[in-house]
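So the chains spell out like this:
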Amino acid sequence: MDLEEQSVIVTGGSSGIGKAMAERFIEEGADVVIGDIDVESGQEVAEEIGAEFVECDVSDYEQVENLVEKAVEENGKLDCMVNNAGIGSVKNIEEMEIEDYHSTISVDLDGVMYGCKAATPHLKETEGCIINIASIYGLVGDIGSTAYNAAKGGVVNLTRSVADDLAQYNIRVNSICPGFVDTPMTDEALKDGDFKDHVLNNTPLGRVAQPEEIAGVAVFLASEEASYITGVNLPVDGGWTSH
Ligand code: NAD
């Protein structure tokens, strides 16, 4: 898929799914700016794959605006905003402190909305697109991660609503809803045998995904091949939400 000279921002691109997406966008010819709170890994990854790096905490709107401005300065425009940065939270409604709830929402939901808002003026000029990384947990519930699931549910309906708002500018807005993916976020949890059984028993394909399997879908959604797709929350989940 040809993304030659497309200008793409990937938040949370220092690790896991974000890193795989940044790498794949570059392979397809795009110019990529990674925005991440982890400066050391971010700079390392950017150098390794040929991206630019901007320090950014997505839970702070001014920092997200700065990320977008820097990317536009660097590459002259913005074609695709990928709102991927996120944190896990494995506490149920009884265990969760109110603070845990707010800090999860501020990264996993507010951060995505900030990315959509800050990118919009620039995407209007390019008729570009937004890709949000939600989760199966935006589409269905599960035990043990109340705040995360609430945030991802928010991302799913935010995606539909922003898609409706921006369709008039020919800006497409979609989300990807991954099942379990082999990244540092899930590393620890999947070492727990019972939890791993829970995951594999609920995944008809019987395995977790590799980050590259999400990256390929992001590239498709950003490409002309997806020119009539907007407002979609696409499960990439080995069948989790179908069974
Ligand atoms: P990861 O932990 O490997 O990467 C997350 C990245 O986000 C890291 O580089 C981290 O530094 C960055 N980040 C965290 N807080 C940030 C902040 N406030 N500002 C900027 N950057 C910040 O995790 P991952 O598995 O690659 O997750 C990426 C996205 O995919 C997340 O939104 C996650 O919820 C979602 N997701 C992951 C899975 C999975 O199984 N791994 C499944 C569904 C959805």
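Please refer to the structure higher up on the page.
The shown structure was predicted, so the numbers you read here are calculated from the model rather than taken from an experiment.

(A) Inspection of the overall build of the protein chain at higher detail. On a plain count of helices and strands, the protein chain comes out with eight helices and seven strands. Whereas a compact globule of 243 residues would reach a radius of gyration of roughly 18 Å, the protein chain reaches 17 Å, a difference of no more than 12%. Taking the principal axes of the C-alpha coordinates as reference, the protein chain spans close to 50 × 35 × 35 Å. Taking contacts inside the protein chain between residues at least 6 apart in sequence as the whole, the part at least 24 apart equals 72%. Distance between charge centres in the protein chain, computed from 13 positive and 46 negative side chains, equals 4 Å.

(B) Structural detail: the side chain of serine 14. By the element assignment, serine 14 lies in the loop between strand E1 (7–11) and helix H1 (16–27). A distance of 3.4 Å separates a polar side-chain atom of serine 14 from the backbone nitrogen of glycine 42. In this structure, serine 14 is in contact with Lys19, Ile34, Asp36, Asp38, Ser41, Gly42, Val45 and Phe53, ignoring residues within four places of it in sequence.

(C) Spatial organisation of the site of the ligand. Among the 29 residues in the neighbourhood of the ligand, the closest are listed as Ser15, Asp36, Tyr148, Val181 and Thr183. Residue asparagine 84 places a main-chain N or O atom 2.7 Å away from an oxygen atom belonging to the ligand. Contact between the ligand and threonine 183: an oxygen atom at 2.6 Å from a side-chain N or O atom of the residue. Computed on the free molecule, the ligand has an accessible area of 830 Å², of which 92% lies beneath the protein chains in the complex. When residues of the shell around the ligand are traced back to their parent elements, those giving at least two are H1, helix H5 (146–166) and helix H6 (184–187).

(D) Examining the nonpolar core more closely. In terms of nonpolar packing, the biggest core is built from 34 residues, with Ile9, Leu78, Met81 and Ile130 touching the most fellow members. When contributions to this core are tallied by element, the ones reaching two or more residues are helix H3 (61–75), helix H4 (98–126), H5 and strand E6 (172–178). Per-element accounting of this core gives the leading share, nine residues, to H4. Grouped together as the second largest cluster of nonpolar side chains are 33 residues, Ala20, Ala22, Ile214 and Val217 included.

(E) Focus on the pattern of salt bridges. Enumeration according to the criterion identifies six salt bridges in this entry. Of the charged contacts in the structure, one is a salt bridge between lysine 91 and aspartate 100, with a shortest N-O distance of 3.3 Å. Take lysine 91: its relative accessible area is 33%, and that puts it in the partly exposed class. Overall, aspartate 100 belongs to the buried group, its relative accessible area being 18%. We note a salt bridge from glutamate 188 to lysine 191, for which the minimum N-O separation is 3.1 Å. A single burial state applies to glutamate 188 and to lysine 191, both of which are exposed.

The rules behind each value
- Residues numbered from 1 in each chain as written.
- Predicted model: local features only at pLDDT ≥ 70, side-chain atom pairs only at ≥ 80, totals over all residues.
- Heavy atoms only, no water.
- Helix = DSSP H or I, 4+ residues; strand = E, 2+ residues; numbered from the N terminus.
- Rg over C-alpha atoms; globule rule 2.2 N^0.38 Å.
- Contact = heavy atoms within 4.5 Å.
- Lys, Arg positive; Asp, Glu negative; His and termini not counted.
- Charge placed at Lys NZ, Arg CZ, Asp CG, Glu CD.
- Polar contact = N/O pair within 3.5 Å; in protein donor to acceptor, adjacent residues only side chain to side chain.
- Near = heavy atom within 4 Å.
- Areas by Shrake-Rupley, 256 points an atom, 1.4 Å probe, with all protein chains shown as cover.
- Core = buried A, V, L, I, M, F, W, Y, C linked by side-chain atoms within 4.5 Å.
- Buried < 20%, exposed > 50% of the residue type's maximum accessible area, 1.4 Å probe, protein only.
- Salt bridge = Lys/Arg side-chain N within 4 Å of Asp/Glu carboxyl O.

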